[in-house]
Amino acid sequence: MSARLARALLDVVLPGECPGCGGAVGLGTPDGLCPGCEAALPALPRFVDPPPFVVAAWTLGEYEGPLGAAVRRGKYGPDPALVAGLGRRLARAARHRLPPVDLVTWVPVPLSRLLRRGFDQARLLARPVAGALNVPARSTLRRVRGGEQAGRTARERWREGRRAWRLAARRLPRRVLLVDDVTTTGATASACAAELLAGGAERVYLLTACAARRGGGRAMSDFLTSFDD
Ligand SMILES: [Zn+2]
């Protein structure tokens, strides 16, 4: 029996681990979250303050909550199936909340991380959202500057962010929805939105799986890494 098959059989027999809280979870729960974490999550995305160049922004959960834990587990696991499941959750939530858009795009991970991890978590989130909104999902941005952002101050993030992305697409439609896994300071989304506007978009909206509480203090800025990947 292959290791993969053995693992699959074990998953059927034994309860899994909730990606939100680490607790045991029974069979058949959607995208693996336990009932407690499910109950803590809103069904609809809520408005958050849009960063500069973004018309309106929504997020589904808090970075400090179960959804944030699931996002981190999916991203760093790495566990692309978990991220894809979160994408379907985000898509269900987005369907009845967002204004009409013409295109869905995402904040791409740097190439080095894509090669190491094997997937781009923002792309995995964006594609089901595009499907739910019945519009195409297209890669439009390219990371041109790398560098670790964890531990940097908000000011440094904003300064670096302005130079970090370049438009890699032509003829953008009027209304573009930018998707990312996490928003913290908004510097990343703002820098990407500026590029999209320069590329012909007239309105850029932002949807993230989770958002960090603003003003979370130094401890928060030490571990937040939304900017680099
Ligand atoms: Zn849980």
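Structure: see above.
The structure contained in this document is the topic of the report that follows. (Residues numbered from 1 in each chain as written. Predicted model: local features only at pLDDT ≥ 70, side-chain atom pairs only at ≥ 80, totals over all residues. Heavy atoms only, no water.)

**Describing the coordination of the zinc ion**
In an ideal octahedron of six donors the angles at the metal are 90 or 180 degrees, and in an ideal tetrahedron of four donors they are 109.5 degrees.
Working step 1: Within the protein, the atoms that donate to the zinc ion are Cys18 (SG), Cys21 (SG), Cys34 (SG) and Cys37 (SG), at distances of 2.3 Å.
Working step 2: Around the zinc ion sit four donor atoms, and with donor-metal-donor angles ranging over 107 to 114° the site reads as tetrahedral.
Working step 3: Summarised as a motif, the one-chain spacing of the donors to the zinc ion is C-x2-C-x12-C-x2-C. Of the two residues, cysteine 18 is situated in the loop between β1 (16-17) and β2 (24-25) and cysteine 34 in the loop between β2 and α2 (35-40); the sequence distance between them amounts to 16 residues.
Working step 4: Taking the relative accessible area as the measure of exposure, cysteine 34 reaches 10% and is therefore buried. (Donors = N, O, S within 2.8 Å, 3.2 Å for Na, K, Ca; no water. Tetrahedral: all angles 85-135°; square planar, octahedral: opposite > 155°, others 65-115°. Helix = DSSP H or I, 4+ residues; strand = E, 2+ residues; numbered from the N terminus. Buried < 20%, exposed > 50% of the residue type's maximum accessible area, 1.4 Å probe, protein only.)

**Section: the sheet that holds strand β8 (residues 175-183)**
Working step 1: With mixed pairing, five strands are arranged side by side in an open sheet as β3-β4-β9-β8-β5. Pairing within the sheet leaves two strands with one partner each, and these edge strands are β3 (46-48) and β5 (103-106). Here the strands of the sheet are splayed against their neighbours by 30° on average, with no regard to which way each runs.
Working step 2: Strand contacts of helix α4 (residues 80-95): β4 (56-62), β8 and β9 (203-211), with the helix running at about 130° to β9, the strand carrying the most contacts. (Pairing = 2+ DSSP bridges. Axes fitted to C-alpha atoms, helices over the stretch in contact; angles between N-to-C directions. Contact = heavy atoms within 4.5 Å.)

**Re the packing of helix α3 (residues 66-76) against α4**
Working step 1: Contact pair α3 / α4: the axes reach a minimum separation of 7 Å and the direction vectors enclose 140°. Here α3 is positioned oblique relative to α4, judged by the angle of their axes. Helix-helix and strand crossings are classified by hand; for α3 and α4 the assignment is left-handed. From α3, Leu67, Ala70, Val71, Arg73, Gly74 and Lys75 reach across to α4, where they touch Pro80, Leu82, Val83, Leu86 and Arg89. (Parallel < 35°, antiparallel > 145°, perpendicular 65-115°, else oblique. Left-handed = near helix turned anticlockwise from the far one by under 90°.)

**A few points about the packing of α4 against helix α6 (residues 121-133)**
Working step 1: In contact at an axis separation of 8 Å, α4 and α6 are set at 35° when each is read in the N-to-C sense. Between α4 and α6 lies a crossing whose hand is right-handed. Where α4 approaches α6, its residues Pro80, Val83, Ala84, Leu86, Gly87, Arg88, Leu90, Ala91, Ala94 and Arg95 are matched on the opposing element by Gln121, Leu124, Leu125, Pro128, Val129, Ala132 and Leu133.
Working step 2: Looking at the contact of α4 with α6 residue by residue, the classes come out as 13 nonpolar, two polar and two charged. (Nonpolar A, V, L, I, M, F, W, Y, C, P; charged D, E, K, R; others polar.)

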